[in-house]
Amino acid sequence: MSLPKIAAVETAVPDQRFTQAEVLALSGYDDPTRRGFFEKSGIETRHLFLDPEAFVPTETVDQLSERATRGALELAERAARQALATAGWRAEDVDFVATTTCTARLTPSVDARLVARLGCGPRVQRVHVGDTGCASAVVALQQAWNHLRAFPRHKALVVAVEICSAAYFLDDRLESAVAHAIFADGAAALALATDADGPTIVEHRTLFRPEHLDAMGFEYPGGRPRIVLSKDVRRIGAGMMGEMAETLLASHGLKRADVRHWILHSAGRKVLDRAATLLDLDDDALAPARAVLRRYGNMSSATILFVLAERLRTVAAVSGDWGLMIGLGPGFAAEGALLRW
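All values reported here derive from a predicted model rather than from experimental measurement.

What is the right way to look at unusual backbone geometry in this model?
Residues apart from glycine generally show negative phi values, whereas peptide bonds are mostly found in trans. A cis amide bond links threonine 107 to the next residue, proline 108, at an omega of 0 degrees. Note on placement: proline 108 falls in the loop between strand S4 (96–101) and helix H4 (110–118). A cis amide bond, omega -15 degrees, links glycine 331 with the succeeding residue phenylalanine 332. Tracing the backbone shows phenylalanine 332 in the loop between strand S12 (322–329) and strand S13 (333–340).

What follows is the structure, given as structure tokens:
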């Protein structure tokens, strides 16, 4: 049976682009420790779905929700339409839609609204992966992959969108300041079909470490989202990237040296630094992840698809190349996919 292949990967970001210095000014931090989170992040610019002239850090829960909804639907539709155009598909050609977000919580959810906005057919199947954090684009991709294994003649669309700028929480916690220093807004869409010309997704794996359940996620004091982000994430995340790599490679009798394309979640500078050491990766291997982090920041679930798009855009693959795609998220979980060109 034919395996699903990538037909297109496209991205979308808000028009509003901010330097780290500009976001720092909006945050209002003036102490050396919190300023250091911004200055040493490895991030130069981010895109945020907000008007800097009108923004005030006193938005109500309703205002945050409205902005997240509006931004998520606008960016998701833009990325999805670009992916359809690149794949040469019409919206009515799509048989399965998988969407994900952890920052725009709404009912009907993003999948239903996107089906309506794109004009997909009335019999399109869909699933929404909610509240799964930074790893959820790979989880959504798993659902699309599973669908195509069952229905190999179908076409699937995966869309990840996040409006992290609607999840700020100004308090005295250092982890809140770290979150404000790295997270950003963006969307990415991936078209998948068994008759596509792009890389094949050979296998998926999930790795859970529930002993780290409290290391990352959201809490909602007064109904307002506040990011939970333990400093241990840099250690836990890098280690689980290494475990996931070994698991996927071993299942196909491969070694790290056999992998030419590394698509790793741009969680943060220190996570990538640790992953480079653990996996013995050179600068070229991490160049796409670092480039995405530098230009866009961490866009939660959408980030890894930005890294995939960057790798496809900047590196010419040859037939027979292997690739590894690894996302990280709350749970604590690593979500991986093995790719073959």
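Text resumes after the structure shown.
Help me understand the environment of glycine 329, please; the structure alone is not making it clear to me.
By the element assignment, glycine 329 lies in strand S12. Considering only alpha carbons, one finds glycine 329 and cysteine 134, 195 residues apart in sequence, at a separation of 4.7 Å.

Got a minute to help me understand a positive patch on the surface in this structure?
On the surface, Lys40, Lys231, Arg234, Arg235, Lys270 and Arg274 cluster together into a positively charged patch. Taken together, the elements giving at least two residues each to the positive patch come down to helix H7 (233–250) and helix H8 (269–279). Mapping arginine 274 onto the fold places it in helix H8. Residue class for arginine 274 comes out partly exposed when judged on its relative accessible area of 40%.

What is the right way to read H8 from this model?
Since the α-helix advances by 3.6 residues per turn, residues separated by three or four positions end up pointing in the same direction. When we look at burial in H8, the residues that qualify are Val271, Leu272, Ala275, Ala276 and Leu279. Along H8, the residues classed as buried sweep out an arc of 135 degrees about the axis, all on the same side. In this fold, the buried residues of H8 make contact with H7, strand S11 (259–264), helix H9 (283–296) and S12. Just beyond H8, the residue with positive phi is aspartate 280, at close to 55 degrees.

I tried to follow the nonpolar core on my own but got confused; where do I start?
Where a protein is soluble and globular, its nonpolar side chains tend to be buried together. Core analysis: the largest hydrophobic core is formed by 123 residues, its most contacted members being Leu157, Leu190, Leu192, Trp262 and Met325. Setting aside anything within four residues of it in sequence, one finds leucine 192 in contact with Pro4, Lys5, Ile6, Trp89, Leu141, Ala144, Trp145, Leu148, Lys155, Ala156 and Ile201.

Could you clarify how one ought to interpret the packing of helix H2 (residues 32–39) against helix H6 (residues 174–182) in this entry?
At a closest axis distance of 8 Å, the pairing of H2 and H6 adopts a crossing angle of 30 degrees. By the angle between their axes, H2 is roughly parallel relative to H6. Note on packing geometry: the crossing formed by H2 with H6 is right-handed. Residues Thr33, Arg34, Phe37 and Phe38 of H2 form the contact with H6, whose own contacting residues are Leu174, Ala177, Val178, His180 and Ala181. Considering only residue class, the contact of H2 with H6 consists of six nonpolar, two polar and one charged.

I'm lost on the packing of H8 against H9 in this one. Help?
Pairs of packed helices are described in terms of their axes, by the angle between the two and the distance that separates them. One can describe the packing of H8 onto H9 by two numbers: an axis separation of 11 Å at closest approach and a directional angle of 175 degrees. In this view, H8 runs roughly antiparallel relative to H9, as classed from their interaxial angle. Judged by residue contacts, Arg269, Leu272, Asp273 and Ala276 of H8 engage Leu286, Ala289, Arg290 and Leu293 from H9. Classifying every residue of the contact of H8 with H9 gives five nonpolar, no polar and three charged.

So what exactly am I meant to see when it comes to the pairing of strand S9 (residues 216–219) here?
Regular strands place their side chains on alternate faces of the sheet. Across four bridges, the pairing between S9 and strand S10 (residues 226–229) is antiparallel. Bridge pairing in S10 links phenylalanine 218 to isoleucine 227. The loop that links S9 with its antiparallel partner S10 comprises six residues; one of these, glycine 222, has a positive phi angle of about 65 degrees.

Would you explain the side chain of threonine 103 in this entry?
Assignment of secondary structure puts threonine 103 in the loop between S4 and H4. By relative accessible area, which is 12% here, threonine 103 ends up buried. In this structure the side chain of threonine 103 is engaged in a polar contact, spanning 2.8 Å, whose partner is the backbone nitrogen of isoleucine 163. The contacts of threonine 103, once residues within four sequence positions are left out, are Ala68, Val161, Glu162, Ile163, Cys164 and Phe218.

Looking at this structure, I do not really get the packing of aromatic side chains. What am I missing?
Geometry of an aromatic ring pair is reported as the spacing of the ring centres plus the angle between the planes. Tallied over the entire structure, the rule returns four aromatic pairs. Judged by centre distance (5.6 Å) and plane angle (70 degrees), the ring pair of phenylalanine 55 and tyrosine 168 falls under edge-to-face. Placement of phenylalanine 55 in the loop between strand S3 (45–47) and helix H3 (61–87) and of tyrosine 168 in the loop between strand S6 (155–163) and H6 is noted, with a sequence separation of 113 residues between them. Judged by its relative accessible area of 17%, phenylalanine 55 is buried. The aromatic ring of tyrosine 168 is capped on one face by arginine 224, whose charged end is 5.0 Å from the ring centroid.

In this structure, what is going on with H6? I would like to understand it.
Among the residues making up H6, those that are buried are Ser176, Ala177, Ala179, His180, Ala181 and Ile182. Summarising the contacts, the buried residues of H6 are in contact with helix H1 (20–27), H2, S3 and S10.

Help me out: how do you make sense of the pairing of strand S5 (residues 125–130) in this one?
As judged from the six bridges shared by S4 and S5, these two strands associate in the parallel manner. Counted as the bridge partner of threonine 99 is histidine 128 from S5. Note on the crossover from S4 through H4 to S5: the handedness is right-handed.

What counts as what
- Residue positions are given per chain, counted from 1 along the sequence in the order it is written.
- It should be noted that, the model being predicted, local features are given only for residues of pLDDT at least 70 and side-chain atom pairs only at 80 or more, the latter also being counted only at that level, while totals for whole chains, interfaces and linings use all residues.
- Just so you know, side-chain values use all the structure's heavy atoms and leave hydrogens and water out.
- Helix numbering and strand numbering both begin at the N terminus, where a helix is a DSSP run of H or I of at least 4 residues and a strand a DSSP run of E of at least 2.
- To count toward a patch, a residue needs a relative accessible area over 30% and no salt bridge; like charges are then connected within 9 Å, while nonpolar side chains (Val, Leu, Ile, Met, Phe, Trp, Tyr) are connected within 5 Å.
- Surface accessibility in these figures is a Shrake-Rupley result with a 1.4 Å probe; residues are shielded only by whichever protein chains are displayed.
- A pairing counts as a salt bridge when a side-chain nitrogen of Lys or Arg comes within 4 Å of a carboxyl oxygen of Asp or Glu.
- Counting rule for charge: Lys and Arg are taken as positive, Asp and Glu as negative, and neither His nor the chain ends is counted.
- One atom stands in for each charge, and that atom is NZ of Lys, CZ of Arg, CG of Asp or CD of Glu.
- When accessible area is computed with a 1.4 Å probe and restricted to protein chains, residues below 20% of their type maximum are described as buried, those above 50% as exposed, and intermediate ones as partly exposed.
- Think of the arc as the fan of directions from the helix axis to the C-beta atoms.
- Throughout, a residue-residue contact means that at least one pair of heavy atoms, one from each residue, lies within 4.5 Å.
- We define the nonpolar core as a collection of buried residues of types Ala, Val, Leu, Ile, Met, Phe, Trp, Tyr and Cys that are connected through side-chain atoms lying within 4.5 Å of one another.
- All axes here are fitted lines through C-alpha atoms, helices being fitted over the stretch that makes contact, and every angle between N-to-C directions spans 0 to 180 degrees.
- Note on terminology: angles under 35 degrees are roughly parallel, angles over 145 are roughly antiparallel, angles of 65 to 115 are roughly perpendicular, and the others are oblique.
- Should the near helix be turned anticlockwise from the far one by less than a right angle, the crossing is termed left-handed; should it be turned clockwise, right-handed.
- Polar here means any residue outside two lists: the nonpolar Ala, Val, Leu, Ile, Met, Phe, Trp, Tyr, Cys and Pro, and the charged Asp, Glu, Lys and Arg; Gly therefore counts as polar.
- Pairs of strands are assigned from DSSP output, requiring at least two bridges between the strands.
- Residues adjacent in sequence count toward polar contacts only when both atoms are side-chain atoms; beyond that, a polar contact is any pair of N or O atoms within 3.5 Å, and within protein one must be able to donate a hydrogen and the other to accept it.
- The pairing test for Phe, Tyr and Trp rings, Trp by its six-membered ring, is centres within 6.5 Å, and the orientation test on the planes gives stacked under 30 degrees, edge-to-face over 60, and tilted for anything in between.
- For a lysine, the NZ atom is tested; for an arginine, the CZ atom; a charge sits over a ring if that atom is within 6 Å of the ring centre and within 35 degrees of the ring normal.
- Handedness is read with the strands pointing away from the viewer; a crossover is right-handed when the path from the first strand over the helix to the second is clockwise.

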